[in-house]
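Spelled out, the chains give:
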Amino acid sequence: MTAVTAVALHTLQEALRRRVFLVVLVLTVAFLGLFWLGVDRAFDEALRFADGSELLEIEVAVGATLLGLAMFATLFLGTVLAIFLTLGAVRGDAERGTLQPLVVRPIGRSTFLLARFLGAAAVCTLYVVGVFTAAAGIVRTAGGWWPDEFFAPTLELAAAVVLLCALSLLGSVFLSTTANGIAVFMLFGAGLTGGLLGQIGEAMNSETLIDVGRRTAYALPFEALYQDGLHRLTSETFGAAAFVVRLGPFGGAEAAGGGLFAWIVVYVGLVALAAGTAFARRDL
Amino acid sequence: MALALAAHGVEKRYGAVEALRGVSLEVAAGELVGLLGPNGAGKSTLVKIACGLVHPSAGRVEVCGAPAGSPRARRALGYLAELFRFPGWMTADEVLTLHQRLAGKGADAGTRKELLERVGLAEARTRPVEEMSKGMQQRLGIAQALVGSPRLLLLDEPTSALDPAGRRDVRGLLDDLRRAGIGVLLNSHLLTEVELVCDRVVILSRGDVVAAGRPDELSRPRGVEVDVDGGTRAYPAATRDEVPAIVRDLVAAGEDVYGVRVLATSLEEVYLEAAGGEDA
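Residues numbered from 1 in each chain as written. Chains lettered and ligands numbered in written order. Predicted model: local features only at pLDDT ≥ 70, side-chain atom pairs only at ≥ 80, totals over all residues. Heavy atoms only, no water.

What should I look at first to understand the side chain of Arg74 of chain B in this one?
Among the structural elements, Arg74 of chain B can be located in helix 2 (residues 71–76). Among buried Asp, Glu, Lys and Arg side chains, Arg74 of chain B stands out as unpaired, with Asp283 of chain A the closest opposite charge at 10 Å. A polar side-chain atom of Arg74 of chain B sits 2.8 Å from the main-chain carbonyl oxygen of Gly69 of chain B. Aside from chain neighbours lying at most four places away, what touches Arg74 of chain B is Val103, Val104, Arg105, Pro106 and Ile107 of chain A together with Cys51, Gly52 and Gly69 of chain B. (Helix = DSSP H or I, 4+ residues; strand = E, 2+ residues; numbered from the N terminus. Buried < 20%, exposed > 50% of the residue type's maximum accessible area, 1.4 Å probe, protein only. Lys, Arg positive; Asp, Glu negative; His and termini not counted. Salt bridge = Lys/Arg side-chain N within 4 Å of Asp/Glu carboxyl O. Polar contact = N/O pair within 3.5 Å; in protein donor to acceptor, adjacent residues only side chain to side chain. Contact = heavy atoms within 4.5 Å.)

Below is the structure:
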């Protein structure tokens, strides 16, 4: 087993055995339970008022709206997990005295950081994929609706959370545990707000707000990944159902261009470079 | 003798604060060197520079011939930090397994068992760290430092949480390591401990080496005391060589001699003098 695998495995074990994972697990089970109840009720209520000709469109509108909301909830829960797994990875662990015994071993600091990232990213990816799949399964079981695309949005959702993992790791090099947690949550909020302003800009045809949304998408691309995933859930839905769907959480769902994906690759590289360089220079 | 650790003119500045001002010291293979000094003298900074945890502002440090912080240097050393902590959810065996993997030595269960036996934790192999006493955690820290068969051990206050029996065990362990040719730099506040086990002592004060040498070299003669019928007679200027003549004269004068003590300054006195008196 290489040192990278050892540290990544250590991060995985830490995630599973610390109390924080139990808290996330309880929250997730509670969310999925309530979501199931809500989806079941929503389909019952909506279908009660539909006659035969509208049935299909009602199913699409309710199913897509609820899964869109579940997508946001999954992004939020995944972000909480990502932050808790990485917020104290460098400065916090160094202040607690758990980092020094590990980094004096013949594993480079950059390799150590990469391994921590891989471990946290693996946990978050499994979590996000699991929760979103469960949510989609609930919508399918309760209402018989399945999104137009499933794999790409799921992966984009996971990638958005992994991106937040990378930002949180970068923050952990500079900030104390609490400060980093607050900073990453604020970045998460800023990303969502930027996306929301972009949506409002689209609705009001305001170039300024659209520009704010676009710039935020480049500065914090997890929001753009989420928007693209959301868009893909109903990418092949047209007609009256599509109109209703756009009134819900899909109102401003934007398809990302190929340029954004290329930028995300560069972005992750820049975050890794900044984190690696700062960690290498840091006195522990 | 090959050098396990060589520091040449090491300086470290934290902004306006000079933590180290050109410190040089050497630890040979199989030598046990005690690093003493008051709080803030720069002891832990020096040890951290040797580990590669802190970057020096000037000077150089080599571990077994390799620059401090390089992979070759890291492979050659074992380190126990002053303020260390292992994750509470890990068992003693898991802590050692992780360090074996990081040291690139493979997770050999036999070696782990041997290490835990060596520090008296054989029975606590599967006990989570959060259920261990502070002393047990310190023993585990020492076992962790020994993972990977290091040629240089950097121990920062390794016995601070141990009871007297634990300290005696560690002294025995340090003796074994010395016999095995491992160089040890022992940073401690426990002067008796250092006096008992160390071959040489280096005293730091305000980032400078203010005294260095064998404990017996550092101490100064403080005269001779002789127990006779009427009490104790002091000869403050006398040396060890003069003891036979003093005893001869007393016996010739009809005194019964019950005991003779050759006095020398203790390491504590040497330390207080070198490190600047009571503040140390």
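Would you explain the sheet that holds strand 2 (residues 17–28) of chain B in this entry?
Two orientations exist for strands paired in a sheet by backbone hydrogen bonds: parallel and antiparallel. Residue and element names in this part refer to chain B. Taken together, four strands build an open sheet; the order of strands is 2-1-4-5 and the sheet is antiparallel. Each edge of the open sheet carries a strand with a single partner, namely strand 2 and strand 5 (66–67). Pairing geometry for strand 1 (residues 3–14) and strand 2, over nine bridges, is antiparallel. Within the sheet, the bridge partner assigned to Arg13 lies in strand 2 and is Glu18. Sitting on the sheet, helix 1 (residues 43–51) touches strand 1, strand 2 and strand 4 (58–63), and the angle it makes with strand 2 is about 65°. (Pairing = 2+ DSSP bridges. Axes fitted to C-alpha atoms, helices over the stretch in contact; angles between N-to-C directions.)

What is the right way to look at the confidence of the model for chain A in this model?
As a note on interpretation, predicted positions should not be read in detail where pLDDT is low. Mean pLDDT over chain A: 86, with 92% of residues reaching 70 or higher. Helix 7 (residues 151–174) of chain A holds the highest mean pLDDT among the elements of chain A, 94, whereas helix 11 (residues 239–247) of chain A holds the lowest, 65. (pLDDT = per-residue confidence, 0-100.)

Just checking my understanding: could you explain the nonpolar core for this structure?
Note on soluble globular proteins: their nonpolar side chains tend to be buried together. Among the nonpolar cores identified, the biggest contains 166 residues, and Leu5, Leu140 and Leu154 of chain B are the most heavily contacted of them. Membership of the second largest hydrophobic core comes to seven residues, among which are Val224, Val228, Ile246 and Leu250 of chain B. (Core = buried A, V, L, I, M, F, W, Y, C linked by side-chain atoms within 4.5 Å.)

I keep staring at helix 6 (residues 109–143) of chain A and nothing clicks. Help me out?
The α-helix advances 3.6 residues per turn, and as a result positions three or four apart in sequence lie on the same side. Between its first and last C-alpha atoms helix 6 of chain A spans 50 Å; for 35 residues at 1.5 Å apiece the expected length is 51 Å, and the two agree. Two residues or fewer after helix 6 of chain A comes Gly144 of chain A, characterised by a positive phi angle close to 75°. (Expected span 1.5 Å × (residues − 1).)

Would you mind going over unusual backbone geometry with me for this structure?
Most peptide bonds take the trans configuration, and most residues that are not glycine carry a negative phi. Here the phi dihedral of Asn205 of chain A falls at roughly 60°; this positive angle occurs in a residue that is not glycine. Take Asn205 of chain A: it is sitting in the loop between helix 8 (177–204) and helix 9 (207–219). The exposure class assigned to Asn205 of chain A is exposed, which follows from its relative accessible area of 63%. Residues other than glycine seldom take positive phi values, yet Ser149 of chain B does so here, at roughly 45°.

Looking at this structure, how should I read the packing of aromatic side chains?
Any pair of aromatic rings gets described here by the distance separating the centres and the angle formed by the planes. Residue and element names in this part refer to chain A. Following the criterion strictly, the structure yields eleven aromatic pairs over all chains and no others. A centroid spacing of 5.9 Å and a plane angle of 5° characterise the contact between Phe132 and Phe150, whose relative ring orientation is stacked. In this pair, Phe132 is assigned in helix 6 and Phe150 in the loop between helix 6 and helix 7, connecting sequence segments 18 residues apart. For Phe132, a relative accessible area of 0% corresponds to the buried category. A relative accessible area of 10% means that Phe150 is categorised as buried. (Phe/Tyr/Trp six-rings, centres within 6.5 Å; stacked < 30°, edge-to-face > 60°.)

I would appreciate a short explanation of the interface of chain A and chain B in the present structure.
Many authors give the size of an interface as the accessible area that is lost as the parts come together. Counting residues at the interface gives 27 residues for chain A, matched by 29 residues for chain B. Across the interface of chain A and chain B, roughly 2,500 Å² is buried in total on both sides, 59% from carbon and sulfur atoms. Our count for the contact surface shared by chain A and chain B stands at two salt bridges. For the salt bridge of Arg17 of chain A with Glu94 of chain B, the shortest nitrogen-to-oxygen distance reads 2.9 Å. There are 14 residue pairs in polar contact (both at pLDDT 80 or more) connecting chain A and chain B. The set of elements that each furnish at least two residues to the side of chain A that touches chain B consists of helix 1 (3–17), helix 5 (100–103) and helix 12 (258–281) of chain A. (Buried area = accessible area lost by both parts, 1.4 Å probe.)

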